[in-house]
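Letter by letter, the chains look like this.
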Amino acid sequence: MLDLKDVKIAVIGLGYVGLPLAVEFGKSRQTVGFDINETRISQLNAGYDNTLETDASDLDAAQYIQFTNTLADLRDCNVYIVTVPTPIDTYKRPDLTALLAASDTVGQVISKGDFVIFESTVYPGATEDDCIPVIETASSLTFNVDFFAGYSPERINPGDKTHRLPDIKKGTSGSTPNAARFVDGLYRTIITAGTHLAPSIKVAEAAKVIENTQRDVNIALINELALIFNRLDIDTMDVLEAAQTKWNFLPFRPGLVGGHCIGVDPYYLTHKAQQVGYTPEVVLAGRRINDGMGAYVVSRVVREMINRDISVKGSRALVMGATFKENCPDTRNSRVVDIIDECCDFGMQVDVYDPWVTAMPEVDCSIDTITCPEIGTYDAIILAVGHDAFKTLGLESVQSYGKSTHVLMDVKAVFPKSQDILRI
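Residues numbered from 1 in each chain as written. Predicted model: local features only at pLDDT ≥ 70, side-chain atom pairs only at ≥ 80, totals over all residues. Heavy atoms only, no water.

Moving on, we get to the overall build of the chain. When you go through the chain residue by residue, the secondary structure sums to 14 helices and 14 strands. Projecting the C-alpha coordinates of the chain onto the three principal axes gives extents of approximately 75 × 50 × 40 Å. When the 424 residues of the chain are sorted by exposure, 54% land in the buried category. Looking at the chain alone, contacts between residues at least 24 apart form 73% of all its contacts between residues at least 6 apart. (Helix = DSSP H or I, 4+ residues; strand = E, 2+ residues; numbered from the N terminus. Buried < 20%, exposed > 50% of the residue type's maximum accessible area, 1.4 Å probe, protein only. Contact = heavy atoms within 4.5 Å.)

The full count for this structure, using the stated rule, is one disulfide. Two residues share a disulfide in this structure: Cys-344 and Cys-365, whose sulfurs sit 2.2 Å from each other. One disulfide, between Cys-344 and Cys-365, carries an S-S torsion of 60° and so falls in the right-handed class. Placement of Cys-344 in helix H12 (residues 336-345) and of Cys-365 in the loop between strand E10 (349-353) and strand E11 (368-369) is noted, with a sequence separation of 21 residues between them. Residue Cys-344 is classed as buried on the basis of its relative accessible area, which comes to 17%. Here Cys-365 falls in the partly exposed class, since its relative accessible area comes to 24%. (Disulfide = S-S within 2.5 Å.)

Moving on, we come to the environment of Ile-110. Among the structural elements, Ile-110 can be located in the loop between helix H4 (97-109) and strand E5 (115-118). In this structure, the C-alpha to C-alpha distance between Ile-110 and Leu-141, residues 31 residues apart in sequence, is 8.7 Å. For Ile-110, the residues in contact, after removing those within four places along its chain, are Tyr-80, Ile-135, Ser-139, Leu-141 and Phe-147.

Within the secondary structure, Asn-212 is located in helix H7 (residues 201-231). Taking the relative accessible area as the measure of exposure, Asn-212 reaches 9% and is therefore buried. At a separation of 2.7 Å, a polar atom in the side chain of Asn-212 contacts the side chain of Asp-265. Discounting chain neighbours no more than four positions away, the residues touching Asn-212 are Cys-261, Ile-262 and Asp-265. (Polar contact = N/O pair within 3.5 Å; in protein donor to acceptor, adjacent residues only side chain to side chain.)

Before going further, it helps to examine the sheet that holds E10. Taken in spatial order, the six strands of this open sheet run E11-E10-E9-E12-E13-E14, and their pairing is parallel. Strands at the two margins of the open sheet, each flanked by one partner only, are E11 and strand E14 (421-423). Against the sheet, helix H11 (residues 293-307) contacts strand E12 (378-383), strand E13 (402-410) and E14, and its axis sits at roughly 150° relative to E13. (Pairing = 2+ DSSP bridges. Axes fitted to C-alpha atoms, helices over the stretch in contact; angles between N-to-C directions.)

Quick look at the environment of Ala-149 now. Its location among the elements puts Ala-149 in strand E6 (residues 148-151). Taking the C-alpha atoms as reference points, Ala-149 and Val-183, separated by 34 residues in sequence, lie 8.6 Å from one another. Residues in contact with Ala-149, not counting those within four places in the same chain, are Val-116, Ile-132, Phe-143, Gly-174, Ser-175, Ala-179 and Ile-201.

As a further point, take H11. Counted at 1.5 Å a residue, the expected span for H11 with its 15 residues is 21 Å, and the 21 Å between its end C-alpha atoms agrees. Every buried residue belonging to H11 is among Met-293, Gly-294, Tyr-296, Val-297, Val-298, Arg-300, Val-301, Val-302, Glu-304 and Met-305, and all of these are buried. Buried-residue contacts for H11 involve H7, helix H10 (281-291), H12, E12, E13 and E14. Among the residues trailing H11, Asp-309 stands out with phi positive, at a value near 60°. (Expected span 1.5 Å × (residues − 1).)

In this section: the sheet that holds strand E2 (residues 31-34). An order of E3-E2-E1-E4-E5-E6 is seen for the six strands of this open sheet, with the pairing classed as parallel. Looking along the sheet, the strands with just one partner apiece sit at the ends: strand E3 (65-68) and E6. Averaged over all adjacent pairs, the angle separating strand axes in this sheet is 20°, with direction ignored. Relative to E5, helix H6 (residues 177-188) is tilted by about 65°, and along the sheet it contacts strand E1 (9-12), strand E4 (79-82), E5 and E6.

Before going further, it helps to spend a moment on the packing of H11 against H12. Angle between the axes and distance between the axes are the two parameters that describe a pair of packed helices. Running from amino to carboxyl end, H11 crosses H12 at an angle of 45°, the nearest separation of the two axes being 8 Å. In terms of orientation, H11 lies oblique with respect to H12. Of the two elements, H11 crosses H12, and the hand of that crossing is right-handed. Taken together, the residues of H12 that come into contact with H11 (itself represented by Gly-294, Ala-295, Val-297 and Val-298) are Asp-338, Ile-339, Glu-342 and Cys-343. Class assignment of the residues belonging to the contact of H11 with H12 gives a composition of five nonpolar, one polar and two charged. (Parallel < 35°, antiparallel > 145°, perpendicular 65-115°, else oblique. Left-handed = near helix turned anticlockwise from the far one by under 90°. Nonpolar A, V, L, I, M, F, W, Y, C, P; charged D, E, K, R; others polar.)

All right, on to the environment of Leu-4 then. With respect to the helices and strands, the residue Leu-4 is situated in the segment before E1. The partly exposed category is assigned to Leu-4, whose relative accessible area is 27%. Between the C-alpha atoms of Leu-4 and His-387, which are 383 residues apart in sequence, the distance is 42 Å. Once you skip the residues sitting within four places of it in the chain, Leu-4 turns out to touch Arg-29, Phe-182, Gly-185 and Leu-186.

Our focus in this paragraph is the packing of aromatic side chains. Between two aromatic rings, the relevant description is the distance of the centres plus the angle of the planes. Inspection of the entire model under this criterion finds six aromatic pairs. On the numbers, 5.7 Å between centres and 45° between planes, the contact of Phe-143 with Phe-147 is tilted. Take Phe-143 and Phe-147: they sit in the same class, and that class is buried. Note on Tyr-353 and Phe-390: the rings are 5.8 Å apart at their centroids and 45° apart in plane angle, and the pair reads as tilted. Taken together, the residues span a long stretch of sequence, with Tyr-353 in strand E10 and Phe-390 in helix H13 (residues 388-393) at a distance of 37 residues. Take Tyr-353 and Phe-390: they sit in the same class, and that class is buried. The rings of Phe-115, Phe-148 and Phe-182 are connected pair by pair, giving a single aromatic cluster. The ring of Tyr-187 carries Lys-170 above its face, with NZ or CZ at 4.7 Å from the centroid. (Phe/Tyr/Trp six-rings, centres within 6.5 Å; stacked < 30°, edge-to-face > 60°. Lys NZ or Arg CZ within 6 Å of the ring centre and 35° of its normal.)

In structure tokens:
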């Protein structure tokens, strides 16, 4: 079994999860950050992180790190940590393409006595049933004889500058009792908040996938309540503010549910559940509600436009925000896309304004991205993401983008309640 003092780490995948991890390890031990994206490697070597999860000072502090897209640079490592994305496909099925490709990469360089640790979110069993066989085939090594494995689920919260990697308690696990202790000890060298050693890799995988499934179901409940309260002509936020005066009422709010975690992880769990013959009714029902919120938002806007005698077809719509959450540039699985596509389906001409975004998420229709909205231009304004920049603009400035008669939908309740503003 490896000694911690002899560890040289390779982090495979340098996105929102992998880069902060590589930087943290790179402060104290030899670390190789590997990514197949040559542009990404060039930017990191120049001291720039386009995810904004790290800055130049963070990269400078990682004095023992090397960034590379060259496979040969991994061969001297003995612990391989895989942090690649695990999205869903167009049919909402788990897409393990990147994960299995990364497993094959590990298999090409791993040696006897080495460790591979996965951080990517998966369904229970994926590490040992899907990834390890790929490594065995590529390496001709035998699992738990020649090499060992661990799973330590990522808990990065993009854009959160308060809860950083060392400050978030980390779950760990290993393929044997000794391997588990090694993995736990390794992470304890960088995680000041401590670790929790799970009894098996499957338990650690399951714990990760239910963290966001729980949040998804809770938000779905609040979204469904918003649909009910709208029909009852009750303001949802007023109801939540009243309910939250009880100490144990959970502070979830209605809205779009996207991103690389909450809008994705439940499908990994339901996929595995269906494989073993169980249909998870509550989880799938929550997903259906949350996936339908973009269409609901636009239907509210269109109905109000009609009430105000604004012609819908050919109208100008401004969508403010394109990321999946506020104050970060991450557009992965952003459900703002649903709002944009729905507006286009109604024949609106859509402009999108987001000061955080340089590359827009893919949509099904033709849109214009703008750097500054024009005053008095829009028939409908949909404030889809609660960026601080939009709060700083203020309600009067946002309303000034609209024509004398327009509709403003404040999806995230950024501004105080007003008769002139629609809220979910």
